[in-house]
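Structure at a glance
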Amino acid sequence: MIRLYGTPKSRTFRCIWAAEEAGIPYEVVSVPLGAAVKTPEHLRLNPNGKVPAMEDGSLVLFESLAINLHIASKAGAPLSPSGDDASRTWQWTLWAATEVEPAAGQWAYNAYIRPREERDPGQAAAGAAGVAARLDVLEGQLTAPFLLGADFTIADCNLASVLYGAWSNSFDFGGHPKAKAWLDRCFERPAALAARKLRDAA
Ligand SMILES: N[C@@H](CCC(=O)N[C@@H](CS)C(=O)NCC(=O)O)C(=O)O
């Protein structure tokens, strides 16, 4: 049984989705955003004072996408592919974290997360342009139902989950029909629906 520390309305959602895809037993230990993430107990699990954190026996991890790679490795293929496709999984995961997430965050904080009076339209536009530039890349790479081919892998889970905020908050995917169709496919999977249900209820 793995333990996921966090709340479904946070990046913990990504790990819940991965655990659902892997079909492994998991428990969500509630750590709400705010003071709870800075307690000594939580800092022992995630010294960044953030969620999620994961415990699997003696293994403790932070970083949502790394947790997802670990969860997928417990399930094996096709969720966690081997050989060259394992390397492609790392490529898409690192691309999601370093290229997509900063732009998606810049857009999200200034489009819907911050209180209206604290939003900067210029920052929102810059973030949107950054996301669109990455979607241009993705659009050119999507030649199959999923990133690595016919099977859904943790590469899809990691990249799509970084784009969840954009997908669920009316980001304009107009110029990127293949990316939009791929996101729809990912988020309509039974495992994603289960994670989304927990998120919506939180
Ligand atoms: N790169 C980290 C980011 C974690 C993160 O920023 N988590 C947010 C919630 S989605 C958090 O815990 N924020 C609380 C805080 O910063 O005080 C990951 O992907 O796990």
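The structure contained in this document is the topic of the report that follows. Just so it is clear, the structure is predicted and the values come from calculations on it, not from any experiment.

Reading guide: rules and limits
- Residues numbered from 1 in each chain as written.
- Predicted model: local features only at pLDDT ≥ 70, side-chain atom pairs only at ≥ 80, totals over all residues.
- Heavy atoms only, no water.
- Helix = DSSP H or I, 4+ residues; strand = E, 2+ residues; numbered from the N terminus.
- Rg over C-alpha atoms; globule rule 2.2 N^0.38 Å.
- Buried < 20%, exposed > 50% of the residue type's maximum accessible area, 1.4 Å probe, protein only.
- Contact = heavy atoms within 4.5 Å.
- Areas by Shrake-Rupley, 256 points an atom, 1.4 Å probe, with all protein chains shown as cover.
- Near = heavy atom within 4 Å.
- Polar contact = N/O pair within 3.5 Å; in protein donor to acceptor, adjacent residues only side chain to side chain.
- Nonpolar A, V, L, I, M, F, W, Y, C, P; charged D, E, K, R; others polar.
- Phe/Tyr/Trp six-rings, centres within 6.5 Å; stacked < 30°, edge-to-face > 60°.
- Pairing = 2+ DSSP bridges.
- Axes fitted to C-alpha atoms, helices over the stretch in contact; angles between N-to-C directions.
- Parallel < 35°, antiparallel > 145°, perpendicular 65-115°, else oblique.

Structural notes on the overall build of the protein
- If you tally the helices and strands in the protein, you get 9 helices and 4 strands.
- Counting helices and strands in the order they occur from the N terminus, the protein gives β-α-β-α-β-β-α-α-α-α-α-α-α.
- For 202 residues, the compact-globule estimate of 2.2 N^0.38 gives 17 Å, and the protein sits close to it at 17 Å.
- Across its three principal directions, the C-alpha atoms of the protein cover 45 × 45 × 25 Å.
- Taken across its 202 residues, the protein has 46% of its residues classed as buried.
- The long-range fraction of contacts in the protein, counting pairs at least 24 apart against all pairs at least 6 apart in sequence, stands at 65%.
- A total accessible area of about 9700 Å² is found for the protein, and carbon and sulfur atoms account for 53% of it.

As for the site of the ligand
- In the vicinity of the ligand, the residues found are S10, R11, R14, L33, V37, K38, K50, V51, P52, E63 and S64.
- Between the ligand and R11, the relevant distance is 3.2 Å, taken from an oxygen atom to a side-chain nitrogen or oxygen of the residue.
- About the coverage of the ligand: the protein hides 75% of its 510 Å² of free accessible area.
- Looking at the shell around the ligand residue by residue, the class counts come to 4 nonpolar, 2 polar and 5 charged.

Brief notes about the packing of aromatic side chains
- Under the defined criterion, the tally for this structure stands at 12 aromatic pairs.
- Ring plane angle 40° and centroid distance 4.6 Å describe the contact between W167 and F187, whose orientation is recorded as tilted. In this pair, W167 sits in helix 7 (residues 164-168) while F187 sits in helix 8 (residues 177-187), placing the two residues 20 residues apart along the sequence. Across the pair, F187 and W167 agree in class, each one buried.

Some thoughts on the pairing of strand 4 (residues 59-62)
- Across 4 bridges, the pairing between strand 3 (residues 53-56) and strand 4 is antiparallel. Note on strand 4: the bridge partner recorded for A53 is F62.
- Between strand 3 and the antiparallel strand that follows it, strand 4, lie 2 residues; G57 among them carries a positive phi value of about 65°.

Focus on the sheet that holds strand 4
- Here we have 4 strands laid out as an open sheet, ordered 2-1-3-4, and mixed in their pairing. The strands lining the two open edges of the sheet, one partner per strand, are strand 2 (26-30) and strand 4. Going from strand to strand, the sheet's axes swing by 20° on average, the running direction of each strand aside.
- Sheet strands in contact with helix 3 (residues 64-75) are strand 1 (2-6), strand 3 and strand 4, and its direction is about 135° off that of strand 4.

As for the packing of helix 6 (residues 154-162) against helix 8
- Between helix 6 and helix 8, the shortest axis-to-axis distance is 10 Å and the interhelical angle comes to 110°. When the interaxial angle is binned, helix 6 and helix 8 end up roughly perpendicular. Taking contact as the criterion, the partners of D156, L159, A160 and S161 in helix 6 are, on helix 8, W182, L183, C186 and F187.
- Considering only residue class, the contact of helix 6 with helix 8 consists of 6 nonpolar, 1 polar and 1 charged.

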